[in-house]
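# Working through the structure, step by step
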Amino acid sequence: MSARGVRGAGEDGDGLDLLLDTICNMFGLFIFVAMLVALLVSTRGSAIEPEIAPPDEEFAVDDRVLAERRRSALERAIASIDESEIAADEAALAEARAMLEEAEREVQRRAMLLASLREAVDEERTEAQSIEESLPEIEAEIAALEDATTRIRETKEISVRTPRRRELVGRLPVQVVLWRDRAHLINDWSDRLAHPCDSWCTWNEQAVVPESSEAIVHYCWRAGGQHIDRAIRLRIGGGVDLRDPDGDDWSDLERDREWRRAMSMLDPMRHVISIKCDPDSFDAFTAFRAAIAKRGFLYDVAPVEIESGGIYRDTILEGRTTAQ
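The numbering scheme is per chain: residues are counted from 1 as the chain's sequence reads. At least 70 in pLDDT is required for a residue's local features to be given in this predicted model, at least 80 for side-chain atom pairs to be given and counted, and no such filter applies to totals for whole chains, interfaces and linings, which use all residues. The side-chain quantities take in all heavy atoms of the structure and omit both hydrogens and water.

### With respect to the overall build of the protein
To qualify as a helix, a DSSP run of H or I must reach at least 4 residues; to qualify as a strand, a run of E must reach at least 2; elements of each kind are numbered from the N terminus. Assigned secondary structure in the protein consists of seven helices and eight strands. Within the protein, the proportion of its 324 residues that are buried is 27%. The contact criterion used is simple: two residues touch if any of their non-hydrogen atoms lie within 4.5 Å. Put simply, of all contacts in the protein between residues at least 6 apart along the chain, 68% involve residues at least 24 apart. Looking at the protein as shown, the accessible area adds up to about 22700 Å², and 56% of this sits on carbon and sulfur atoms. Relative accessible area decides the class of each residue, using a 1.4 Å probe on protein chains only: under 20% of the type maximum gives buried, over 50% gives exposed, and in between gives partly exposed. Only the protein chains shown count as cover for residues, and the accessible areas themselves come from Shrake-Rupley with a 1.4 Å probe.

Now the structure itself:
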């Protein structure tokens, strides 16, 4: 169908005819290009066909050659190995293994040593902590020991002596028994106007058990002369404790109320203290002697043995007290 035959029908169809011609020409061009591409592809395929890879047999030949070369290289490498070097290497390896085992044993030994040292450090730390906690108590004990040392030094420095016989003339003997580290003042001397015969038969109940004690008066003259046999039961736990209740040291008797009460009954210008010391209280004698020396008392001393049950026996005879 011609575009010009249609154009005769009117001038308005000229634009559409031109567009239709252009589309037809382009469609024909596309067909031409497609045919040209198909021709080129068929031509290129026939040219590449001779360059196809070789068959599998050729690859197999190459693998055998490569394997043969590798085998030859390994044989040459094996042939070049020096057996002496291998032996030396084995010896070095054995030595290294021995050194490794020794090192492992040393590591175990040092690990055990380290554990022991840590345990010792822990024990020392615990002991140090315990010492630190007990430090106040230790300081208190040191202070007490220093105080006790001072008292002992003072005791040793006190000038005491057994009085001469002439110094005792006119003085009344007052018996004090040292037993179980306690000082027992036998009689009650609180009545300073009482006659000595009465005082020697009047018991100090704080130190003596009166109902178990006895005084047999053979004679006791007011003008002088006496003979009295006595059996006295000492009160267990009575008298004055010569030891410090807070420790093993000797007590400061001046701080003891019972000591001050007992000493208040005596007069250093009128009485002489007659110390009767049981063997179990020989150590206490020094402390007691120092205490009475501070108060200015003269004394005499004699060892005695207290019977079972705390029985002390003595005799007050006519005459004057003599020093021992």
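### Comments concerning helix 7 (residues 282-294)
Among all positions in helix 7, only Ala284, Phe285, Ala287, Phe288, Ala290, Ala291 and Ile292 are buried. Positive phi appears at glycine 296, one or two residues downstream of helix 7, with a value of about 85°.

### With respect to the packing of aromatic side chains
Stacked, edge-to-face and tilted labels apply to pairs of Phe, Tyr and Trp rings (six-membered ring for Trp) whose centres lie within 6.5 Å, assigned for plane angles under 30 degrees, over 60, and everything in between, in that order. Under the defined criterion, the tally for this structure stands at four aromatic pairs. Where phenylalanine 285 meets tyrosine 299, the ring centres are 6.5 Å apart and the plane angle is 65°; that geometry is what we call edge-to-face. With phenylalanine 285 in helix 7 and tyrosine 299 in strand 7 (residues 298-303), the pair connects residues that are 14 residues apart, well separated along the chain. Accessibility expressed as a relative area gives 17% for phenylalanine 285, which makes it buried.

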